[in-house]
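Here's the letter readout for the chains.
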Amino acid sequence: MNIKDYLKRNGMTLILLVGMIILYLCIPSQIAENLVARATISPRFFPTFSVLGVIVCCALLLVFDAKEHIFSHKTAEAAATQEKKEEISYVRVVLVALLLLAWYILMPRIGFIISTIVIMCIMSYLLGCRNKIVLVAFPVLFTLTLYFAFVVLLHVSLPEILF
């Protein structure tokens, strides 16, 4: 395996990993420890848990990618096909980012439930899901679960339909 190709393929993962390690080291200086109530969860818990989760996922991604390329012997034709697929995936990433921006803009106008279901259906299709039942059922169930969790359990108001 060529180290230059490995770094090129996993550059963003490495940047994310380094950024998360720096963020993990900054958490103690940025979030004060709760000295009054020791029995409760510290304000540092969720940021630390989230950052450690991203660090573990990045590390696993790097290890699995290295393992895949060490033990696989691809031909030049297979490598060219892989590069073509990676170019398509960059287009998908840009489209997903634009969809998230559209969701952010549309949510106050048409409400959380409708905007989330529509955006998730489109995003699932862009990311390769072709099963019609999954394309409809997953966004609806996921959105309703989120809505229930935030509105009923956590008492957080979400944008409603304006008409």
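Summarised in this report is the structure supplied together with it. (Residues numbered from 1 in each chain as written. Predicted model: local features only at pLDDT ≥ 70, side-chain atom pairs only at ≥ 80, totals over all residues. Heavy atoms only, no water.)

Further remarks concern the packing of helix H5 (residues 112-126) against helix H6 (residues 132-153). Close contact between H5 and H6 brings their axes to 9 Å; oriented N to C, the two are set at 140°. Considering how the two elements wind past one another, H5 and H6 form a crossing that is right-handed. Between H5 and H6, the residues in contact are Phe 112, Ile 113, Thr 116, Ile 117, Met 120, Cys 121, Ser 124 and Tyr 125 and Leu 135, Phe 138, Pro 139, Val 140, Phe 142, Thr 143, Leu 144, Leu 146 and Tyr 147, respectively. Considered class by class, the residues forming the contact of H5 with H6 number 14 nonpolar, three polar and no charged. (Axes fitted to C-alpha atoms, helices over the stretch in contact; angles between N-to-C directions. Helix = DSSP H or I, 4+ residues; strand = E, 2+ residues; numbered from the N terminus. Left-handed = near helix turned anticlockwise from the far one by under 90°. Contact = heavy atoms within 4.5 Å. Nonpolar A, V, L, I, M, F, W, Y, C, P; charged D, E, K, R; others polar.)

With that out of the way, let us pick up the pattern of salt bridges. Inspection of every chain in the model, using the stated rule, returns one salt bridge. Put simply, Arg 9 and Asp 65 hold a salt bridge, and the shortest N to O gap is 3.3 Å. Taken together, the positions of Arg 9 in helix H1 (residues 3-9) and Asp 65 in helix H3 (residues 45-71) put the pair 56 residues apart, joining distant regions of the chain. (Salt bridge = Lys/Arg side-chain N within 4 Å of Asp/Glu carboxyl O.)

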